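# Observations on chain architecture
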Amino acid sequence: MRKALACVGLGLWLSSLGACLDLEPTTGVEQQLPQGDGGALSDECLACTRGDSALALDCAEAYGRCAENEACSSIVDCSLERSCFNLSGSEQINCSIPCGFEAGLTSLDDPAIQLVAAWSGCIIPACSEVCGFSGELPGAQDLPAN
Amino acid sequence: MKRLPLSLLVGVVAWPALASAQEDLEGLLDQTVVTAASKSAEVSATAPGTSTVIPAQDLRRFGIHTVAEAVDFLSFGAATSGRDVTGQLGGLGARGVQVAGDEGNHFLLLVNGHSVNEPLAGSARFDRSAGIPLEMVDRIEVILGPGSVLYGSNAMLGVINVVTKRAKDFKGTRLLVESELLTSVRAMTGAGYEFDLFGEPAEITASLEYYQRFGPSFDLDRQNLGIDPISAAPTRTSPDGPATGIWGGRVDDDSFVEAPAGLLRFKRGDLQVTFQASTYRSGVPYGNADFDDPDSDHLLRQAWIDVSYQKLVTPAVELTLRGYGDTHDSALGVDVSRESACFFLNAETCRVTFLGASRWAGAELRGAFDWFEDGTAVTLVGFDGQYRYAGTKSDTEDAATGEIVTDSTGAFTVEDFVFGAYAQQTFTPNRWLGLNAGARIDHDPRFPLVVSPRAAASVVPWEGGTLKFTYAEAYRAPSYTESELTAGLRLAPLSLDPERVRSFEASVEQRVGAHHVRTALFASRWRKLVNLHSLSDAEKQRAVAEGRLSFIAPQTDYQEFRNLDGIDNYGVSLGYEGGLSMAGLSWGANLTSAIAEPDSGEELPVAPHYFGNARVAYDLPKDLPTLTVAGFWASRRLADRGADQSWAERPYAPTQLELKATISGEVPPLRGLSYRVGADYSLADRVPFVIGPTQTPTADQPTPSLAPTDRFRAFVGLEYQL
């Protein structure tokens, strides 16, 4: 009996060894995250977010650098579409998470975050009235430059 | 020291001429035998390179628990970088060379001639995670110097071959219980039996052990991580309680190990099968994650089987066919509660897992041709082909729900075929001269063919004396994580060459009765060492043009592995062994002084310039116990990140002196019952590894924290042979 139990124990351990790690990459993870309800953005608002309006002329450079970067411009467009900036500061981050995924980002360390932070740090306060943004910043502009 | 048994002497292929005369036999009885240097049994005095053979008797009586301890306390010219409080190693070096971040990558570890270095990280384990029950070990052969001539990759510093016992040396069934007081318990059962199987003598030896460590608790320096950029509050370092921004303090929950292991060897006639399997789950107290989190763990699993058939076809020709298969997994999982790490994850605590796996299988065909059927001239040729699979990925999940919240990162899988062919010629024209020359050529699809030659000569100019000269080259293939992995800001390199080393050594040995003195002078040149390189602006632009980088973010440090540094290494090792057999006394000491100068002009981290060991054993008469004291000494060593960061003060691990006292013997009234008790004391309280989240200097922490070691340990064990 004891021999049988020992054999069963040994067999279970060996079979656990045989269970291979699954290295198939996980893809297409979807998030259920908050979304703003600001509706369609006005032309005036869109111009402001591009630094084209008098309200945000100082932000033209930040917009330009972001626009040159595929990930940054993708996150910004997506976040505007989801009305993320109408939400409070902490909710903005959660709202923008799927945008980060869509843009291929997986970590806060991704350099595109720096560009998004520079853009949002300038645009959100400047365009809050014309776009209906909450005006709160998510704190991302304080991110260290690696 | 292991003495050459008479039966084995007859079988020493390379030396039957010496063994032919009775007086030579008597002389050889004082010699040690090594099998890994030339893939055949030969006396260590004349084997290529410098070797130490550590017998089972010394493993037991000096209170040795791991291969690493055996190397530190009993070997000649090799040393670890130190054992931390968790019992884990940073690596193994020799002759003043050890590469920071090394996990045994530059030593080849064999078990009964089977290589266990895994190809994903190139690592081999020498601590308890090796999963080798030492009670079943007959001897540990430590052969220093490049050994790729017969074994291929990884054998740059040397080869360590763990040889397990035959059934006649492991007879019956035995049970063992051992405990490091208040911190661990180990239970082992083993058996060795000889029997007839289908009319042919067969034998089986096997052992199973379970090791569990449940401590000790220890303190880590506190590190102030400051304000989290997302929460704008102090960084959270645990899932519960207030966020303090402080990592460090008392480790209670994340200091543990659970490690079952088993080893089996079966032999019937010319057929031999060795099987090993082990798992090793341990805490992760030093990582950049939640502090002292019992859910953060690292699981290693390995299993392998090696089947060999050795046949003496004619008196002059012996063929060996060997097939093998290995699997090795690593799963590191850590919980992280700081908000910035979970930025995209919408989870309070993220569990980040790093999975790595490698599987490899192959076959080796080896032939030995004894030209004159007397061992004076033996040609060995072999071919080894191997299929390899390796891969990694990292996933992040919500720790509360177990739901994966991101796509995998750092994911790759690779399949390769690698081949090697080797030839070796030994020639022993007379009793005072021995010659050994060979070369191996290896094919790996990731880099051009590699040739690893070796030439050695041994001369016996006078009674008991041996002069030996060895030139050898070796290489290490880049691990797959070095050549294939892209993760975060680290790019996979376009190409990576193997690391190379060439070495010359000259040694002189003298035996007088029980006394044995030896000196080895060595010089080696290391090239193309693989290390991380920060890309310049021009290199970043080239990476964009090559499509390896989508854009260049400002002020961002992108890195990739490159063949960067070289090392000039030279020095001397001295060794002495002696004893008074009538009085039951034996002793020994080894000392190495080495210089290792990287081309960068920087100091080589981790490796001690001076190290050695000394030991005394006293076998009291009759049923009285054996008393031993052994010491391991290593000069102060620069910490692993000591040279690549601008710390306010260069961090050094202090000079290490570790003393080990052991008493072992039989329990006289109870036949078959034996005991072993001992204690370790370490003078140093740190080993040279920077730990914790702060890996670069900050205003709050201008100097790093080094991994602590436990200063005192005591153990007691009982073994009962049925």
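Residues numbered from 1 in each chain as written. Chains lettered and ligands numbered in written order. Predicted model: local features only at pLDDT ≥ 70, side-chain atom pairs only at ≥ 80, totals over all residues.

## As for the overall build of chain B
A tally of regular secondary structure across chain B gives 8 helices and 38 strands. Each principal axis of the C-alpha atoms in chain B carries an extent, and together these give about 85 × 65 × 55 Å. The buried share of chain B, taken over its 722 residues, is 51%. In chain B, the share of contacts with a sequence separation of at least 24, taken over all contacts with a separation of at least 6, comes to 65%. (Helix = DSSP H or I, 4+ residues; strand = E, 2+ residues; numbered from the N terminus. Buried ≥ 20, exposed ≤ 12 C-beta atoms within 10 Å, placed from the backbone. Contact = placed C-beta atoms within 7 Å.)

## Looking at the overall build of chain A
Secondary structure assignment for chain A yields 6 helices and 0 strands. What you see in chain A, going N to C, is helices and strands ordered as α-α-α-α-α-α. For chain A, the proportion of its 146 residues judged to be buried stands at 40%. Of the contacts made within chain A by residues no fewer than 6 positions apart, 72% connect residues no fewer than 24 positions apart.

## What to know about the environment of Glu 318 of chain B
All names here are of chain B. The topology assignment puts Glu 318 in strand E18 (residues 317-336). Put simply, Glu 318 and Phe 369 are 51 residues apart on the chain and 6.6 Å apart in space, counted from C-alpha to C-alpha. Setting aside residues no more than four positions away along its own chain, Glu 318 makes contact with Gln 310, Lys 311, Leu 312, Val 313 and Ala 368.

## So, the nonpolar core
Among the nonpolar cores identified, the biggest contains 100 residues, and Val 67, Ala 70, Val 71, Ile 160 and Val 162 of chain B are the most heavily contacted of them. Examining the composition of this core, we find that 6 residues originate from one element, helix H5 (residues 67-74) of chain B, more than from any other. For Val 71 of chain B, the contacting residues outside a window of four places in its chain are Ala 78, Ala 79, Thr 80, Leu 92, Phe 126 and Val 142 of chain B. If you look at the next biggest cluster of nonpolar residues, it comprises 36 residues, including Cys 45, Ala 62, Cys 72 and Phe 85 of chain A. (Core = buried A, V, L, I, M, F, W, Y, C linked by C-beta atoms within 7 Å.)

## Some points on the pairing of strand E23 (residues 447-459) of chain B
As a general feature of sheets, a regular strand has side chains that alternate between the two faces. Residues and elements named next belong to chain B. Summarising the sheet, strand E22 (residues 433-444) and E23 pair through 11 bridges and their orientation is antiparallel. In the sheet register, Arg 440 faces E23, and the bridge partner there is Ser 452. Of the strand pairs in this sheet, E23 and strand E24 (residues 465-476) are connected by 6 bridges, and their pairing is antiparallel. Looking at E24, one finds that Ala 457 is bridged to Phe 469. (Pairing = 2+ DSSP bridges.)

## Topic: the sheet that holds strand E3 (residues 50-55) of chain B
Residue and element names in this part refer to chain B. Pairing is mixed in the open sheet, where 5 strands are placed in the order E3-E8-E9-E6-E7. The open sheet terminates on both sides in strands that have one partner only, identified here as E3 and strand E7 (114-115). Set on the sheet, H5 makes contact with E3, strand E8 (137-144) and strand E9 (158-164); between it and E8 the angle comes to about 60 degrees. (Axes fitted to C-alpha atoms, helices over the stretch in contact; angles between N-to-C directions.)

## Description of the packing of helix H3 (residues 60-67) of chain A against helix H6 (residues 112-131) of chain A
How two helices sit against one another is set out by the angle between their axes and by the gap between those axes. Residue and element names in this part refer to chain A. Two elements in contact, H3 and H6, have axes whose closest approach is 9 Å; the angle formed by their N-to-C orientations is 150 degrees. Classified by the angle their axes make, H3 and H6 are roughly antiparallel. For the pair H3 and H6, the crossing hand works out as left-handed. Of the residues in H6, those touching H3 at Ala 62, Tyr 63, Arg 65 and Cys 66 are Leu 115, Val 116, Ala 118, Trp 119 and Cys 122. Each residue belonging to the contact of H3 with H6 can be placed in one class, and the counts come to 8 nonpolar, no polar and 1 charged. (Parallel < 35°, antiparallel > 145°, perpendicular 65-115°, else oblique. Left-handed = near helix turned anticlockwise from the far one by under 90°. Nonpolar A, V, L, I, M, F, W, Y, C, P; charged D, E, K, R; others polar.)

## Quick word on the confidence of the model for chain B
Summarising the model, chain B shows a mean pLDDT of 91, and 93% of its residues fall at 70 or more. For this predicted complex, the interface confidence reaches an ipTM of 0.73, while the overall pTM sits at 0.86. (pLDDT = per-residue confidence, 0-100.)

## Here's the deal with the packing of helix H4 (residues 70-81) of chain A against H6 of chain A
Residue and element names in this part refer to chain A. At a minimum axis distance of 8 Å, the contact between H4 and H6 shows a crossing angle of 45 degrees. In terms of axis orientation, H4 runs oblique to H6. Of the two elements, H4 crosses H6, and the hand of that crossing is right-handed. Note on element contacts: H6 touches H4 through Ala 112, Leu 115, Val 116 and Trp 119, opposite Ala 71, Cys 72, Ile 75 and Val 76. Taken together, the residues that form the contact of H4 with H6 break down as 8 nonpolar, no polar and no charged.

## Observations regarding the pairing of E22 of chain B
Residue and element names in this part refer to chain B. Side chains Gly 434, Asn 436, Gly 438, Arg 440, Asp 442 and Asp 444 project from E22 onto a buried face, and the interleaved Leu 433, Leu 435, Ala 437, Ala 439, Ile 441 and His 443 project onto a face without burial. As judged from the 10 bridges shared by strand E21 (residues 409-430) and E22, these two strands associate in the antiparallel manner. Directly across from Tyr 422, in E22, lies its bridge partner Arg 440. Following E21, the chain reverses through 2 residues before pairing antiparallel with E22. Connecting E22 to the antiparallel partner E23 that follows it, the hairpin turn spans 2 residues.

## Regarding H3 of chain A
What H3 of chain A keeps buried is the set Ala 62, Tyr 63 and Cys 66 of chain A. Along H3 of chain A, the residues classed as buried sweep out an arc of 100 degrees about the axis, all on the same side. (Arc of directions from axis to C-beta.)

## Quick word on unusual backbone geometry
Residue and element names in this part refer to chain B. A cis amide bond links Gly 215 with the next residue in sequence, Pro 216, at an omega value of 0 degrees. Mapped onto the fold, Pro 216 is located in the loop between strand E12 (200-213) and strand E13 (218-224). Look at Asn 154: it is not a glycine, yet its phi comes out positive at around 85 degrees. Tracing the backbone shows Asn 154 in the loop between helix H6 (148-151) and E9. C-beta crowding within 10 Å serves as the criterion here: with 27 such atoms nearby, Asn 154 is assigned to the buried category. Backbone geometry at Leu 182 places phi at a positive 70 degrees, although glycine is not the residue there. Among the secondary structure elements, Leu 182 is positioned in the loop between strand E10 (172-180) and strand E11 (184-197).

## Structural notes on the environment of Cys 45 of chain A
Residue and element names in this part refer to chain A. Note on placement: Cys 45 falls in helix H2 (residues 43-49). Spatially, the C-alpha atom of Cys 45 lies 13 Å from that of Asn 86, the residues being 41 residues apart in sequence. Residue contacts for Cys 45: discarding those within four places in its chain leaves Cys 127, Val 130 and Cys 131.

## Topic: the environment of Val 716 of chain B
Residues and elements named next belong to chain B. The topology assignment puts Val 716 in strand E38 (residues 712-721). Each C-alpha atom of the pair Val 716 and Gly 131 lies 20 Å from the other, and the pair is 585 residues apart in sequence. For Val 716, the residues in contact, after removing those within four places along its chain, are Ser 179, Leu 181 and Val 677.

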